[in-house]
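# What the coordinates show
Here is what each chain is made of, one letter per residue.
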Amino acid sequence: MSWELREHAGRHYAVLFHYALPDDAWAVELSEAVPASAMGAENPDAAVTHLPGAAFLVALVPDEDPTLQPTVRVYSPDEHVVPYEVMRWFMDQVADQVERCRIAFEQGEPEAVE
């Protein structure tokens, strides 16, 4: 699993990438990041100050069939306000993942997408 962090208007957001085996797709998750110390994580890399929190948007990017379209699922018992710039950043990450999956599929290497 890998993730990217971004700060916007004093709040931290994370985009996490992982393979969702039940969906046969790459999952790109958007969450509000939480301080690393709140997760109880002793991290030797002091540069990591925040970690991904619970996802509230998940894009599923199929990697085995380029004709299948990516989908976005909303997971949230509470209302989340997502700033426009954060949503654009998330969707750019999803678009990049779609491109990586399609290139890997064309090259016959769907597992090499990460």
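Residues numbered from 1 in each chain as written. Predicted model: local features only at pLDDT ≥ 70, side-chain atom pairs only at ≥ 80, totals over all residues. Heavy atoms only, no water.

### Remarks on the sheet that holds strand E1 (residues 2-8)
Taken together, the five strands give an open sheet; going across it, the order is E1-E2-E3-E6-E7, and neighbouring strands pair in antiparallel fashion. Of all strands in the sheet, those bounded by a partner on one side alone are E1 and strand E7 (71-74). Between one strand and the next, the sheet's axes are offset by a mean angle of 20°, whatever the strand orientation. With four bridges connecting them, strand E6 (residues 55-62) and E7 associate as antiparallel partners. Among the inter-strand pairings, Val 58 is bridged to a residue of E7, identified as Arg 73. (Pairing = 2+ DSSP bridges. Helix = DSSP H or I, 4+ residues; strand = E, 2+ residues; numbered from the N terminus. Axes fitted to C-alpha atoms, helices over the stretch in contact; angles between N-to-C directions.)

### Some remarks on the pattern of salt bridges
Inspection of the entire model under this criterion finds three salt bridges. Between Arg 11 and Glu 32 there is a salt bridge; the shortest N-O distance is 2.8 Å. Placement of the pair is Arg 11 in strand E2 (residues 11-20) and Glu 32 in strand E3 (residues 25-32), with a sequence separation of 21 residues. Note on Glu 32: relative accessible area 25%, which makes it partly exposed. Its salt-bridge partner being Asp 23, residue Arg 73 comes within 3.5 Å of it at the nearest N-O pair. Taken together, the residues span a long stretch of sequence, with Arg 73 in strand E7 and Asp 23 in the loop between E2 and E3 at a distance of 50 residues. Residue class for Arg 73 comes out partly exposed when judged on its relative accessible area of 34%. On the accessibility criterion, Asp 23 (34% relative accessible area) is partly exposed. (Salt bridge = Lys/Arg side-chain N within 4 Å of Asp/Glu carboxyl O. Buried < 20%, exposed > 50% of the residue type's maximum accessible area, 1.4 Å probe, protein only.)

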